Amino acid sequence: MLRDVSLVTSSGWVGPASVAFEGGARGSIGVPGTCGCRVGRCELSNLETMANEASKTLGKGSVYPGPVPEGLIRIYSMRFCPYAHRTRLILRAKGIRHEVININLRNKPEWYYTKHPFGQIPVLENSKCQLIYESVIACEYLDDAYPGKKLCPYDPYERARQKMLLDLFYKVPHLTKECLVAMRCGRECTDLKLVLRQEFGKLDEILGYQNTIFFGGDCISMIDYLFWPWFERLDVYGIADCVTHTPALRLWIEAMKQDPAVCALLIDKNIFLGFLNLYFQNDPGAFDYGLSC
Amino acid sequence: MSGGSARSLEKGSAPPGPVLDGVIRVYSMRFCPFAERTRLVLKAKGIPHEVININLKNKPEWFFKKNPFGLVPVLENSQGHLVYESAITCEYLDEVYPGKKLLPEDPYEKACQKMTFELFSKVLTNKKTTFFGGNSLSMIDYLIWPWFERLEGLELTECVDHTPKLKLWMAAMRKDPTVSALLLDVKTYRGFLDLYLQDNLQACDYGL
């Protein structure tokens, strides 16, 4: 069995990736012009969007993809997971050469538990077989270990401030998920939305008080990327009206959408909805929705 | 430098003045394990500091200006910078002050410490279910219980106020027939501990 890997670098394609896909008589991905899948998919400019889309998930019975080659870092991920999204944003923002292995979260490969004791994502694995998990820890690790633009502030007090800000955000992931589940199951979620609006109100106040566009100042930084995945999902979760009373936050959302890393990883709304439909029907194929490769 | 033996400030007290240059202030409470983390790092790095103890049962109104959550520990410096959350205060001190670095420099080693800390915090906060293994008592609860049972004997139960889920779990555990059948008597345990710490050879038979 051959593995699915999509490879991306900030400077475009480097070397032939490896492999054919399962069951496919397609050529190797990424070598321009030879891929038998959608026309134009392997052009360098489209490679930037392949990393988060192209890989089919690995599930039970799959073969472990082998060690990570030197010069690359691997992320175990899932295209629609907001926590993994954080780490993929940092990889992108810092231009870190990486490969994405998507995991079927409803049907996890047995070998995956050697990467994380509870089989969670995201997990980073490097060529030294070092594993890093917990999305925030993974993001901080990448900023620490890799050169280029530092996403965390240099000043220790500013660093501490960003960590305290993250604490203010801690209820948001749970609340947005509860709203989504409630709505999908035909239940009311007015109370939940009220609490969510309050949490957003706190964040809005901070932006107002700081009088800055982003949470870390006038430039995008780590804290903005750590928040973003849940705001991207407001629309597709059906709770975009939770930011109607938070103008500074709405401005922040618009500013974030201009960021190249955010843009590059923006998930198509229809594909996301397709995923959600299948996910709530407990279809294990949900995680590969929208992939033609 | 006022040490940890100062009486706590409570409701109605005047807010303390600004922090002097060259000193960092920690708002603390003598028995709080979270605040102890910060005091350990201050001590380990030899950082000149002053301690203001807060009466956590009767908090001064001005304290919420230092930390909107009203919890200790909180750091305040002469520039009026405020840092709260015990782990954040500890990392801040390690970054700002010279001397021995307590966190490793290597990015991976640093990440490892954070991952271990996360696991430990999950035990402390037990976010999801009533018991550690789910909604009913199971092996993991029995494996963890003995350490928490001894908190009372060591006068540390005050600070599970920080961790309400843990407080609820301890109460639930005490109701379990197995746990209550084997429950340590606090006085006996303290008696044992006293002798044990003096290396008394009869310590283990205290109370018999």
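Residues numbered from 1 in each chain as written. Chains lettered and ligands numbered in written order. Predicted model: local features only at pLDDT ≥ 70, side-chain atom pairs only at ≥ 80, totals over all residues. Heavy atoms only, no water.

For clarity, the cut-off: UniProt positions are given in the numbering used here, feature names are shortened, and annotations may be inferred rather than shown by experiment.
The name an unreviewed UniProt entry gives chain B is Glutathione S-transferase omega, with Rhinolophus ferrumequinum as the organism. According to UniProt, the comment filed for chain B under the heading Subunit (unreviewed entry) is "Homodimer." Listed in UniProt under the heading Subcellular location (unreviewed entry), the comment for chain B reads: "Cytoplasm, Cytosol".

Named according to an unreviewed UniProt entry, chain A is Glutathione S-transferase omega originating from Rhinolophus ferrumequinum. Per its UniProt entry, chain A bears the Sequence similarities (unreviewed entry) comment "Belongs to the GST superfamily. Omega family." Chain A has a UniProt comment under Function (unreviewed entry) that states "Exhibits glutathione-dependent thiol transferase activity. Has high dehydroascorbate reductase activity and may contribute to the recycling of ascorbic acid. Participates in the biotransformation of inorganic arsenic and reduces monomethylarsonic acid (MMA)."

1. Some remarks on the domain arrangement of chain A
All names here are of chain A. The test is simple: In this document the domain limits rely on a domain assignment from an automatic tool or a database. By definition in these notes, contact holds between two residues if any of their heavy atoms fall within 4.5 Å. Buried area counts how much accessible surface, traced with a 1.4 Å probe, disappears from two parts once they are put together, with both parts' losses summed. Whenever Lys or Arg places a side-chain nitrogen within 4 Å of a carboxyl oxygen from Asp or Glu, that contact is recorded as a salt bridge. Polar contact is defined as a pair of N or O atoms within 3.5 Å, subject to the rule that within protein one atom must be able to donate a hydrogen and the other to accept it, and that residues adjacent in sequence are counted only when both atoms are side-chain atoms. Numbering of helices and strands runs from the N terminus; a helix is a DSSP stretch of H or I covering at least four residues, while a strand is a stretch of E covering at least two. When residues are sorted by character, Ala, Val, Leu, Ile, Met, Phe, Trp, Tyr, Cys and Pro go into the nonpolar class, Asp, Glu, Lys and Arg into the charged class, and all the rest, Gly among them, into the polar class.
Domain boundaries in chain A define domain 1 (73-145) and domain 2 (156-280). Computed over C-alpha atoms only, the centres of domain 1 and domain 2 are separated by 21 Å. At the junction of the two partners, domain 1 supplies 18 residues and domain 2 supplies 20 residues. Carbon and sulfur atoms make up 74% of the surface buried where domain 1 meets domain 2, a total of about 1,800 Å² over both sides. Counting across the domain 1 and domain 2 interface gives 0 salt bridges. Across the domain 1-domain 2 interface, the total number found is 4 residue pairs in polar contact (both at pLDDT 80 or more). Listing elements by their share of the side of domain 1 that touches domain 2, those giving two or more residues are α2 (82-93) and α3 (135-145). Broken down by element, the side of domain 1 that touches domain 2 gets its largest block of residues, 9 residues, from α2. Residues that form the side of domain 1 that touches domain 2 fall into these classes: 10 nonpolar, 1 polar and 7 charged.

2. Notes on helix α5 (residues 139-149) of chain B
Residue and element names in this part refer to chain B. Inclusion rule: Exposure is judged per residue with a 1.4 Å probe applied to protein chains only, and the accessible area is read against the type maximum: over 50% gives exposed, under 20% gives buried, and values in between give partly exposed. The arc refers to the directions leading from the helix axis to the C-beta atoms.
The complete set of buried residues in α5 reads Asp 141, Ile 144, Trp 145, Phe 148 and Glu 149. Buried residues in α5, looked at end-on, bunch into an arc of 140°, giving them a common side. Seen from the open side of α5, the exposed residues pointing more than 90 degrees away from its buried face are Met 139, Leu 143 and Trp 147. Contacts from the buried residues of α5 go to α4 (107-125), α6 (164-175) and α7 (177-181).

3. Some thoughts on the environment of Glu125(A)
Residue and element names in this part refer to chain A. Examined against the element boundaries, Glu 125 turns out to sit in strand β4 (residues 123-126). When the C-alpha positions of Glu 125 and Pro 67 are compared, they lie 8.8 Å apart, and in sequence the two are 58 residues distant. When near neighbours in sequence (up to four residues on either side) are disregarded, Glu 125 contacts Tyr 64, Val 68, Ile 73, Arg 74, Tyr 76, Lys 115, Gln 130 and Leu 131. Polar side-chain contacts of Glu 125 include one of 2.5 Å to the side chain of Tyr 76.

4. Side note on the pairing of strand β2 (residues 49-53) of chain B
Along a regular strand, successive side chains alternate from one face of the sheet to the other. Residue and element names in this part refer to chain B. Heads up, the condition is: Two strands are said to pair when DSSP picks up at least two bridges between them.
Across the 5 residues of β2, 4 count as buried, placing the element largely inside the fold. Examined bridge by bridge, strand β1 (residues 24-28) and β2 share 5 bridges and lie parallel to one another. Its bridge partner lying in β2, Arg 25 is registered against Glu 50.

5. Focus: the UniProt feature "domain: GST N-terminal" (unreviewed entry) in chain B
The sites that carry the UniProt feature "domain: GST N-terminal" (unreviewed entry) are, in the present numbering, residues 22-101 of chain B. Secondary structure across residues 22-101 of chain B comprises 34% helix and 20% strand; the distance between its end C-alpha atoms is 20 Å.

6. Observations concerning the interface of chain A and chain B
Taken together, the contact pairs 18 residues of chain A with 20 residues of chain B. Of the roughly 1,900 Å² buried between chain A and chain B, counting both surfaces, carbon and sulfur atoms make up 67%. The three residues of chain A that bury the most area against chain B are Ile137(A), Tyr157(A) and Met164(A), which together make up 28% of that side's buried surface. Here Lys114(B) and Glu140(A) are joined by a salt bridge, their closest N and O atoms 2.3 Å apart.

7. Quick notes on the nonpolar core
For clarity, the cut-off: Residues belong to one nonpolar core when they are buried, are Ala, Val, Leu, Ile, Met, Phe, Trp, Tyr or Cys, and are joined through side-chain atoms within 4.5 Å.
Counting 79 residues, the largest nonpolar core has Ile132(A), Phe200(A), Phe215(A), Phe227(A), Phe231(A), Leu249(A) and Trp252(A) as its most contacted members. Ranked by residue count, the leading element in this core is helix α7 (residues 222-232) of chain A, at 8 residues. Mapped onto the domain boundaries, this core takes at least three residues apiece from domain 1 (73-145) and domain 2 (156-280) of chain A. The contacts of Trp252(A), once residues within four sequence positions are left out, are Leu207(A), Ile213(A), Phe214(A), Phe215(A), Asp224(A), Phe227(A), Trp228(A) and Phe231(A). Among the nonpolar cores identified, the runner-up in size contains 41 residues, and Leu75(B), Val83(B), Tyr97(B) and Trp169(B) belong to it.

8. So, the packing of helix α4 (residues 156-168) of chain A against α7(A)
Residues and elements named next belong to chain A. Condition: Fitting a line to C-alpha atoms yields each axis, with helices limited to the stretch in contact; the angle taken between N-to-C directions then spans 0 to 180 degrees. Throughout this description, any angle smaller than 35 degrees is read as roughly parallel, any larger than 145 degrees as roughly antiparallel, any in the 65 to 115 degree range as roughly perpendicular, and the remainder as oblique. Handedness of a crossing follows from how the near helix is turned relative to the far one, being left-handed for an anticlockwise turn of less than a right angle and right-handed for a clockwise one.
Direction vectors running N to C along α4 and α7 enclose 15°, while the axes themselves pass 10 Å from each other. Taken together, the axis directions place α4 and α7 in an arrangement best described as roughly parallel. The handedness of the crossing between α4 and α7 comes out as right-handed. Where α4 approaches α7, its residues Gln 162, Leu 165 and Leu 166 are matched on the opposing element by Met 222, Ile 223, Leu 226 and Phe 227. Residue composition of the contact of α4 with α7, grouped by class: 6 nonpolar, 1 polar and no charged.

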